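Summary of the model geometry
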Amino acid sequence: MSYFKNPQGFKTHTYGKSIDVDNFPKTQKYQCWDLFAFFCQKEQLSVDTYCSLTGYAGDLYKKRYEKGYNKYFEFFYPRNAKRGDWIFWNQHVAMVWDVDIEHNRVNCLGQNQGGIARVTFKEYELSSALGCMRYIPWIKEEGMTGWVKSNDKWYYFRNGEYLTGWQKLNWSKGSNWFYFEKDGVMLTGFHKLPWQGEYDWYFLDENGAMCTGMVTLTLTFDSSGRMTGGRK
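Thresholds, definitions, all that
Residues numbered from 1 in each chain as written. Predicted model: local features only at pLDDT ≥ 70, side-chain atom pairs only at ≥ 80, totals over all residues. Heavy atoms only, no water. Helix = DSSP H or I, 4+ residues; strand = E, 2+ residues; numbered from the N terminus. Buried < 20%, exposed > 50% of the residue type's maximum accessible area, 1.4 Å probe, protein only. Contact = heavy atoms within 4.5 Å. Salt bridge = Lys/Arg side-chain N within 4 Å of Asp/Glu carboxyl O. Core = buried A, V, L, I, M, F, W, Y, C linked by side-chain atoms within 4.5 Å. pLDDT = per-residue confidence, 0-100. Phe/Tyr/Trp six-rings, centres within 6.5 Å; stacked < 30°, edge-to-face > 60°. Lys NZ or Arg CZ within 6 Å of the ring centre and 35° of its normal. Arc of directions from axis to C-beta. Polar contact = N/O pair within 3.5 Å; in protein donor to acceptor, adjacent residues only side chain to side chain.

By the secondary structure assignment, leucine 109 is in strand E4 (residues 105-113). Judged by its relative accessible area of 0%, leucine 109 is buried. When the C-alpha atoms of leucine 109 and glutamine 44 are compared, they prove to be 21 Å apart, with 65 residues separating the residues in sequence. Discounting residues that sit within four places of it in the chain, leucine 109 has contacts with Phe10, Lys11, Thr14, Tyr15, Leu35, Ala94, Met95, Trp97, Val119, Thr120 and Phe121.

So, about the pattern of salt bridges. In total, this model carries six salt bridges according to the counting rule given. Two residues, aspartate 20 and lysine 29, come together in a salt bridge whose shortest N-O distance is 2.9 Å. Relative accessible area serves as the criterion here: at 25%, aspartate 20 is assigned to the partly exposed category. Note that arginine 105 and glutamate 123 form a salt bridge whose closest N and O atoms lie 3.6 Å from each other. Of this pair, arginine 105 sits in strand E4 while glutamate 123 sits in strand E5 (residues 116-125), and the two are 18 residues apart along the sequence.

Once that is clear, we can look at the nonpolar core. By size, the foremost hydrophobic cluster in this structure holds 31 residues, and its most contacted members are Phe10, Phe36, Phe39, Tyr69, Phe73, Trp86 and Met133. Looking at this core, the elements with two or more residues in it are helix H2 (32-42), helix H3 (58-62), strand E1 (73-76), strand E2 (86-89), strand E3 (92-100) and strand E6 (131-135). Looking at this core element by element, the count peaks at eight residues for H2.

Let us look at the confidence of the model for the protein chain. Chain-level pLDDT for the protein chain is 89 on average; 93% of the residues reach the 70-or-more range. Element-level pLDDT for the protein chain is lowest in strand E15 (residues 227-228), with a mean of 66, against a maximum mean of 98 in E2.

This part covers the packing of aromatic side chains. Using the criterion set out here, one finds 33 aromatic pairs in the structure. Consider the rings of phenylalanine 10 and tryptophan 86, whose centres lie 5.6 Å apart with planes at 75°: the pair is edge-to-face. Placement of the pair is phenylalanine 10 in helix H1 (residues 7-14) and tryptophan 86 in strand E2, with a sequence separation of 76 residues. In terms of burial, phenylalanine 10 and tryptophan 86 fall into one category: buried. With a centroid separation of 5.1 Å and an interplanar angle of 80°, the aromatic rings of phenylalanine 39 and tyrosine 135 are classed as edge-to-face. Taken together, the residues span a long stretch of sequence, with phenylalanine 39 in helix H2 and tyrosine 135 in strand E6 at a distance of 96 residues. Residue classification places tyrosine 135 among the buried residues on the basis of a relative accessible area of 4%. For arginine 64, the ring lying beneath its charged end belongs to tyrosine 61, and the centroid distance is 4.1 Å. Over the face of the ring belonging to phenylalanine 76 we find arginine 134, whose NZ or CZ atom lies 3.8 Å from the ring centre.

It is worth spelling out H1 at this point. Spacing of three or four residues puts side chains on the same side of an α-helix, whose turn is 3.6 residues. Taken together, the buried positions of H1 are Pro7, Phe10 and Thr14. Angularly, the buried residues of H1 cover 60° about the axis, an arc narrow enough to put them on a single face. Two or three places before glutamine 8, at the opening of H1, asparagine 6 has a side-chain oxygen 3.2 Å from that residue's backbone nitrogen. Just beyond H1, the residue with positive phi is glycine 16, at close to 85°.

The following block contains the structure:
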C-alpha cells in the first residue's frame, strides 16, 4: 500500500516544508532531488536515486531502467503528463499538479523552485521536459480503465490492472481482438500465440488489432532472404 496514498496526500505531507535526505552542506540542502528521493524512501522503493551522470535530476530519468524505476513507474512523454506524475528536466524534478497543453505550461509541486528552499508551486515549460514517471500504485488506486501509451508501447487497463492474453476491446475503429504479453504490452505483427490450449500464427496490424479474412501485406526481406519487420 502506498505511504502517501495519492498526490493530495503527498502535498499535505510536504507543502511548505524543507526536505533534506542526504544532510549535504547548507549551500546544497533542500534541492529538488531531495523531494523525489524522500518520496522513494517513504514508499520504500528499491531504486538508485543518485544522479550519477551530471549530478542533476535529469540523470535519474535518463538512466531510469538501470536504476530500477521501471519496477514502480510507467513512463510517459511530457504532453501526456497528469497530476501526480514526476516530471524531469535536465536540471530539475518535481511533481505535476496541473497541465495546460494549449499554452505549453505545467504547474509543479517541487522544492528549490526559483531558489526557494521549501516545497512550493511553480510553472514550467512543458515541452522542454525529458519525460514523466507515473507511480503504478496510484494508477491502481485510481481504478483506471482504458488505453495507455507508455514508452512507445500500448497497454489496456481495467480497474487499475493491465490486461494480458487475448482481449476483445473497443477502440476508435470499432471492436477487435488484441493480444497483450505477460507484462501488459500489446503486440503487433506476426506471432505464434495460444488459443484454447493450441498455438497458431496470427497477424496483428499496426494498431494491434487481429486481422481476419483476406489481408494484403507488404513484406521486406534482408540480404540472406529472411523476412524482417514483423514475424517473431
